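Residue-level structural notes
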Amino acid sequence: MRIVLLGPPGAGKGTQAKQLARKLGLPHISTGDILRQNVAGDTFLGKEARDYMNKGLLVPDELVTKMLSERFKQPDVKNGFILDGYPRNLSQAKVLDGILARMKMKIGLVFDLDCSEPVIIQRLSGRLVCRKCGANFHKTNMPPKKENVCDNCGGELYQRPDDNVETIKKRLAVYKNEVSVLIKYYEDNGLLLRVNSGGRAEVVLEEMVRLVSTKK
Ligand code: AMP
């Protein structure tokens, strides 16, 4: 199954994508994660992307699209994938269709995760991420057992530089500006399923797994 996750930052795309990927035995492809790895590694792509990311703006399409095309050359995508963070606009959606068409593939399902703005701001401004394994924690909702240490792997927890209230608001504005055409595109293609992701992560995941099974 080839699944795309849409939704504002903080709607839980990353969390749900990781869990869903594990449940379905599919690779989780997050363009944000790949970009952050490039920033951390100070690669050419990372140097180009850093400023846009820190300001809450989209990284130019051609950079992200090239990066994604490279990722799709890896053999693990042949049975499906969970794509999180791409597409972010209509032009990326069309690029994605093109990449998949060349591989004789099609998207099977698009989830639109929906969540209220106060919940998003509370989630993101308290989010902590493990530098080593990428696991997410939250200062108050899900604190690690030991301060700033990942429960899973012992890695250091950090706050993403774009998870401050000002940049979160900018990211939400960028999202709102692009999303309606994107949603309509997938709705017109009969692929879109809406999920309220304001509740507990396990409940949201259960609903998504149920919806995937209706599409099989
Ligand atoms: P995310 O981890 O999905 O919240 O993405 C973090 C940041 O990475 C975004 O605010 C953008 O700056 C950048 N980014 C991730 N995916 C894309 C994309 N598909 N197109 C452009 N920029 C992206």
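First, a word on what this report is: a plain description of the structure on this page.

Section: the environment of Gly198
The topology assignment puts Gly198 in the loop between strand S8 (192-196) and helix H8 (201-215). As for Gly198 and Ala93, which are separated by 105 residues in sequence, their C-alpha atoms are 25 Å apart. Ignoring any residue separated from it by four or fewer positions in sequence, one finds Gly198 in contact with Asp114, Cys115 and Arg123.

Side note on the site of the ligand
Not every one of the 16 residues close to the ligand is listed here, only the nearest: Thr31, Arg36, Leu57, Gly85 and Gln92. Between the ligand and Val59 there is a distance of 3.0 Å, counted from a nitrogen atom to a backbone nitrogen or oxygen. Here an oxygen atom of the ligand sits 3.1 Å away from a polar atom, N or O, in the side chain of Arg88. For the ligand, whose unbound accessible area comes to 480 Å², protein coverage reaches 96%. Per-element tally for the shell around the ligand: the top contributor is helix H2 (residues 31-40), with four residues. Looking at the shell around the ligand residue by residue, the classes come out as seven nonpolar, four polar and five charged.

Quick look at the environment of Glu178
Relative to the helices and strands, Glu178 resides in helix H7 (residues 165-188). For Glu178, a relative accessible area of 24% corresponds to the partly exposed category. Separated by 18 residues in the primary sequence, Glu178 and Arg160 place their C-alpha atoms 23 Å from one another. Not counting residues up to four positions away in its chain, the partners in contact with Glu178 are Arg88 and Asn89.

Rules behind the numbers
Residues numbered from 1 in each chain as written. Predicted model: local features only at pLDDT ≥ 70, side-chain atom pairs only at ≥ 80, totals over all residues. Heavy atoms only, no water. Helix = DSSP H or I, 4+ residues; strand = E, 2+ residues; numbered from the N terminus. Contact = heavy atoms within 4.5 Å. Near = heavy atom within 4 Å. Polar contact = N/O pair within 3.5 Å; in protein donor to acceptor, adjacent residues only side chain to side chain. Areas by Shrake-Rupley, 256 points an atom, 1.4 Å probe, with all protein chains shown as cover. Nonpolar A, V, L, I, M, F, W, Y, C, P; charged D, E, K, R; others polar. Buried < 20%, exposed > 50% of the residue type's maximum accessible area, 1.4 Å probe, protein only.

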